[in-house]
Every structure is written in structure tokens, then in C-alpha cells.
Amino acid sequence: MMPFRMTKVVRYILLIICLLIYIYNIQLQAIPIAAKTLLAVPGFIYFLTDKKSKVTYQKLQKYIKLFGVALLLFLWGLFTMAINGSDEMLYLAYIKNFLLWFFEVYFLCHLAKSIVSSFLDLCKIITIVVAFESLLALCLKFNPSFAEIVSNIVEMKVYQVSFDNYIDTSDLTDFSRIIGFGNAVYFGVLTSCTLGLISGAYVLYHSKSIFIYIVCYIIISIVSIMTARIAVVPVVLGLALVLFYHAKERNGHVIRTTILISLSAFVTIHLALTFLPDNMLEWQMELFGNMTKNSESEHWQKWLINTKFEDKTLFIGDAHYKVGDFAYYKNVDIGFYRQIFYSGLIGLSIILYYNIMILKYIKKSDISDKSLGPYVAVLFICYLISMFKGDINYVELYLLVLMMFDFSIKKNVLTK
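Note that the structure is predicted; figures quoted are calculated from it, not measured.

### Focus on unusual backbone geometry
Phi is positive for Asn25, close to 45 degrees, though the residue is something other than glycine. Mapped onto the elements, Asn25 comes out in the loop between helix 1 (8–24) and helix 2 (35–38). Residue Asn25 is classed as partly exposed on the basis of its relative accessible area, which comes to 32%. With a phi close to 75 degrees, Ser114 is a non-glycine residue in the positive phi region. With respect to the helices and strands, the residue Ser114 is situated in the loop between helix 5 (92–112) and helix 6 (119–142).

Now the structure itself:
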């Protein structure tokens, strides 16, 4: 009997599904644990048994070092917990998650063989996956019957702080914004949309066939901003990255890209003004009103300027992150401040170093690709800006990109 071999089409579809599960941490109703955790099982098996594996000690060294930083953060968390008499073990997740993510992504790398042979291939498939999720979130918002079907398969409950409890978001038509899907709920959409938009910007520069990716970029932009208005940051920075890439060029590709983006943006704005419900338009317009009125931006400035730290807190933190199940310690939402309150400037510095370290590894993955540096820089800028809004973790998505370089992508290959 011939052994079962997946065709390229089946492998591609399976890769798309598994990337959706990994990026969005989808929780199925029938399974008590996150579906992405199950990906670690075949990943671990392939890691141990795959004879064609590209695993070498030289490649593993960087992951050992990254795990060492995660371990250092955990130990620092234990120290500040002991000093403060706290029982909030926030940083244990960094160790557990790093190990899970490594084997989960290793399985994705195995699926990606023969499909993802260049960084451009990876950026294309990431852009498509994020655009697909955005369309799914849009369908959930405007098609109650579809939302009901999905809610019977996927966990659709999220926490709404203003309600002081969990609310069932399966009836998404009750909200003036798109709720999102998986972990891309409200502010949580920022990680996936950032990766999708910045990857899309890379594709718009390098690929000859760009129309479908302009459409994907616009879909991701609209849905992300309708989910969390701060998503305007990666939208703008992604476009700025495209312009930066083209800054020194004068050719038809630049003109074509500019015209297509401009026309697509005009059509999109017209359709949004024509078909979006009034409550959604009003919620979006508040973004501009907030710049001048006493509103969310002023509330954020109050947090930023008026929050005070004691000397001990500033140095080693208070080892408190939440009060009760939902409220944040000191009622502060700014990500940088929440980390300082928990582990001080030392803990925050370790976290920043952790992010910088993995992004530097990505940049060094292909030194011949001069456009990789700006790609990494914009990702980090988006992370820093995100942390002024809330506490957010991009590491699992950085790890996806880094491991694809090590275990799937062929260096110095650019597939147009």
C-alpha cells in the first residue's frame, strides 16, 4: 500500500487552517484547551523523528538563548513576588508558552515545506490568512445566522470591562463595532493586523502581481479599524513602509501601486459611507473627535502624566497586575505602566530586550535582503506604540517568522 502523501493543494489548505488556529488562538467548544496547543504534539514528534529536518545546534542556539531570557524574566518575577508577598505568577506563561509555540510553529514549518520557499511567500500567505479572518469577522457581524453557527463551534465570549462580566458576543449585531474572532477581539486585533499589514506592505513592494494584495490590505485595514481604532497605526505605518521602499525608485511599478492604492481607498471609503450602519460610522468618527474633545485621548493623557510610582515600585515593581478577576492594578491600562507596576523597570527592560532580541534574529536571517531591516523596524515601532495603549505580546508572531526562516525558507530566494 502506498503511504499517504499530501498534495500541494491539500498541504496549502491545511497550512492556512493551522495558521488561522495559531495566529488567532482559536478555542473550540468541544475541546477544553486551545486548539493551537494540539499543534505542538505533531510538532514535537516531527522535531524528534524527521530525518530531513534542518535542525542543527547552531540554529537551536538562538532559541536556547531566547528561552534563557524567558527564564530570566520568570526568575525576576519570582523575586519581585517574594519581596512583595504576592501570589500573582504572571511570568510563568513566558516559559510555558515559549516551549509550546516552538513546537507549534515547528509543525507549521513542516507543513510549509515546498510552499513557503522565500520570505515573500511567507508574507503573501500571512496577508491572505489575516485578510480571510477579517472577512470572517465581517460576516460574523452582519450575518446573525452565520454567527450563530460559528458560535456553536468556536468560543465566542469575551470580557467587556464596562459590563463587569463576560458577555456573549454570538449576537454581534448588538455592537457598534466589529468584535473580532479568536484572540483578535477589540485591542487584541492589533497583533495579527500589524503582522498582516506590514507583511502586506512587503508584498506590495516585491511582488509583480499586487492587485489581490491591495484588496487584502484594504480589507484588513477596514475591519481592524472597525474592531479597534488604534489599528489606524499599523495601517498608516504599513503604507509608510511601502513609500519608504519606493522612495529611491522612479518606475512604472511605483506609479501603478500608487494609483491602485488611491483608487481602492476611494472606492472603499465610498462603500463604507454608503453601507455601514450609522452607529458604526459614529463610533469611527469619534476617533477624530477624540483629538480635540474631552474624551478617551484626554483620559489616556491623564494616565500617562498623572500616574505616580514609588521608588521601590519603579525599581522592582509591586508584583500586582490585576485586582480581582478583571480590573487592572491601579486602574492603569497603559502596557508599559502595567509591566512597571508588576516587575519594575528591570522587568520591563527584560521584556523589551526579549522583543528586540528576536527581531534582531529575524533581521539577520537574510542579510542579502535589504528590505528586511525596515520590515523589522516597523514591527517594533508598532509594538512600542501598542504598549502605550495596552499590554500586548507579539512574541508568538515574531517566533513564527523567525522559525520559518530557519526551517522552511530558502535564503536568497525571492519568488515574484
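### What to know about the pattern of salt bridges
Pairing between side chains becomes possible if they bear opposite charge and their charged atoms approach one another. Applying the stated criterion across every chain yields a total of 5 salt bridges. A salt bridge links Glu396 to Lys36; the nearest nitrogen and oxygen atoms lie 2.5 Å apart. Separated by 360 residues along the polypeptide, Glu396 in helix 17 (residues 395–407) and Lys36 in helix 2 bring together distant segments of the chain. Overall, the relative accessible area of 13% leaves Glu396 in the buried class. Residue Lys36 is classed as buried on the basis of its relative accessible area, which comes to 4%.

### Here's the deal with the environment of Cys18
Within the fold, Cys18 resides in helix 1. In this structure the C-alpha to C-alpha distance between Cys18 and Leu111, which are 93 residues apart in sequence, comes to 9.1 Å. Residue contacts for Cys18: discarding those within four places in its chain leaves Leu39, Phe107, Leu108 and Leu111.

### Concerning the packing of helix 8 (residues 189–206) against helix 10 (residues 232–246)
Where helix 8 meets helix 10, the closest approach of the two axes is 9 Å, and the angle between their N-to-C directions is 20 degrees. The angle between helix 8 and helix 10 places the two elements in the roughly parallel class. Relative to helix 10, the crossing made by helix 8 is right-handed. Along the contact surface, helix 8 presents Leu190, Cys193, Thr194, Leu197, Ile198, Ala201, Tyr202, Leu204 and Tyr205, while helix 10 presents Pro234, Val235, Leu237, Gly238, Leu241, Val242, Tyr245 and His246. For the contact of helix 8 with helix 10, the residue count by class is 14 nonpolar, 3 polar and no charged.

### Structural notes on the packing of helix 1 against helix 5
Each pair of packed helices gets described by two things: the angle between the helix axes and the distance between those axes. One way to put it is that helix 1 packs onto helix 5 with a least axis distance of 9 Å and a crossing angle of 160 degrees. Taken as axis vectors, helix 1 and helix 5 run roughly antiparallel relative to one another. Crossing of helix 1 over helix 5 shows left-handed handedness. Contacts between helix 1 and helix 5 pair Arg11, Leu14, Leu15, Cys18, Leu19 and Tyr22 from the former with Trp101, Glu104, Val105, Phe107, Leu108, His110, Leu111 and Ala112 from the latter. Taken together, the residues of the contact of helix 1 with helix 5 sort by class into 11 nonpolar, 1 polar and 2 charged.

### As for the environment of Met404
Structurally, Met404 is set in helix 17. Taking the C-alpha atoms as reference, Met404 lies 9.8 Å from Ile362; in sequence the two are 42 residues apart.

### Details of a nonpolar patch on the surface
A contiguous nonpolar patch, built from Leu71, Leu75, Leu78, Met89 and Leu92 and spanning about 400 Å² of accessible area, is present on the exposed surface. Sort the elements by how many residues they give to the nonpolar patch and helix 4 (residues 57–84) lands first, with 3 residues. Residue placement: Leu78 occurs in helix 4.

### Comments concerning the side chain of Ser118
Inspection of the secondary structure assignment puts Ser118 in the loop between helix 5 and helix 6. Look at Ser118 and you get buried, because its relative accessible area is 0%.

### Observations concerning the packing of aromatic side chains
Counted under the stated rule, the structure contains 26 aromatic pairs. Between Tyr94 and Tyr354, the aromatic rings sit 6.0 Å apart at their centres with planes inclined by 55 degrees, giving tilted as the arrangement. With Tyr94 in helix 5 and Tyr354 in helix 15 (residues 335–364), this pair connects stretches of sequence that are 260 residues apart. Since its relative accessible area comes to 15%, Tyr94 is described here as buried. A relative accessible area of 3% places Tyr354 in the buried class. An aromatic cluster is present here, built from Phe44, Phe47, Tyr63, Phe102, Phe103, Tyr106 and Phe407 joined pairwise through their rings. Between Lys36 and the ring centre of Tyr22, over which it is positioned, the NZ or CZ distance is 4.1 Å.

### Considering the state of the cysteines
Note on terminology: disulfide describes a covalent bond linking the sulfur atoms of two cysteines. Taken as a whole and judged by the stated rule, the model has 0 disulfides. Here Cys382 is not cross-linked by a disulfide; its sulfur's nearest cysteine counterpart is in Cys193, at 8.1 Å.

### Here we look at helix 4
Here helix 4 contains 28 residues, and its C-alpha end-to-end distance of 40 Å stays within 8% of the 40 Å for a straight helix at 1.5 Å per residue. Those residues of helix 4 lying buried are Leu60, Lys62, Tyr63, Leu66, Val69, Ala70, Leu73, Phe74, Trp76, Gly77, Thr80 and Met81. Positive backbone phi, at 65 degrees, marks Gly85, one or two positions downstream of helix 4.

The rules behind these values
- Residues numbered from 1 in each chain as written.
- Predicted model: local features only at pLDDT ≥ 70, side-chain atom pairs only at ≥ 80, totals over all residues.
- Heavy atoms only, no water.
- Helix = DSSP H or I, 4+ residues; strand = E, 2+ residues; numbered from the N terminus.
- Buried < 20%, exposed > 50% of the residue type's maximum accessible area, 1.4 Å probe, protein only.
- Salt bridge = Lys/Arg side-chain N within 4 Å of Asp/Glu carboxyl O.
- Contact = heavy atoms within 4.5 Å.
- Axes fitted to C-alpha atoms, helices over the stretch in contact; angles between N-to-C directions.
- Parallel < 35°, antiparallel > 145°, perpendicular 65-115°, else oblique.
- Left-handed = near helix turned anticlockwise from the far one by under 90°.
- Nonpolar A, V, L, I, M, F, W, Y, C, P; charged D, E, K, R; others polar.
- Patch = residues over 30% accessible without salt bridge, like charges linked within 9 Å, V, L, I, M, F, W, Y side chains within 5 Å.
- Areas by Shrake-Rupley, 256 points an atom, 1.4 Å probe, with all protein chains shown as cover.
- Phe/Tyr/Trp six-rings, centres within 6.5 Å; stacked < 30°, edge-to-face > 60°.
- Lys NZ or Arg CZ within 6 Å of the ring centre and 35° of its normal.
- Disulfide = S-S within 2.5 Å.
- Expected span 1.5 Å × (residues − 1).

Don't take any of this as a statement about function, it's just geometry.
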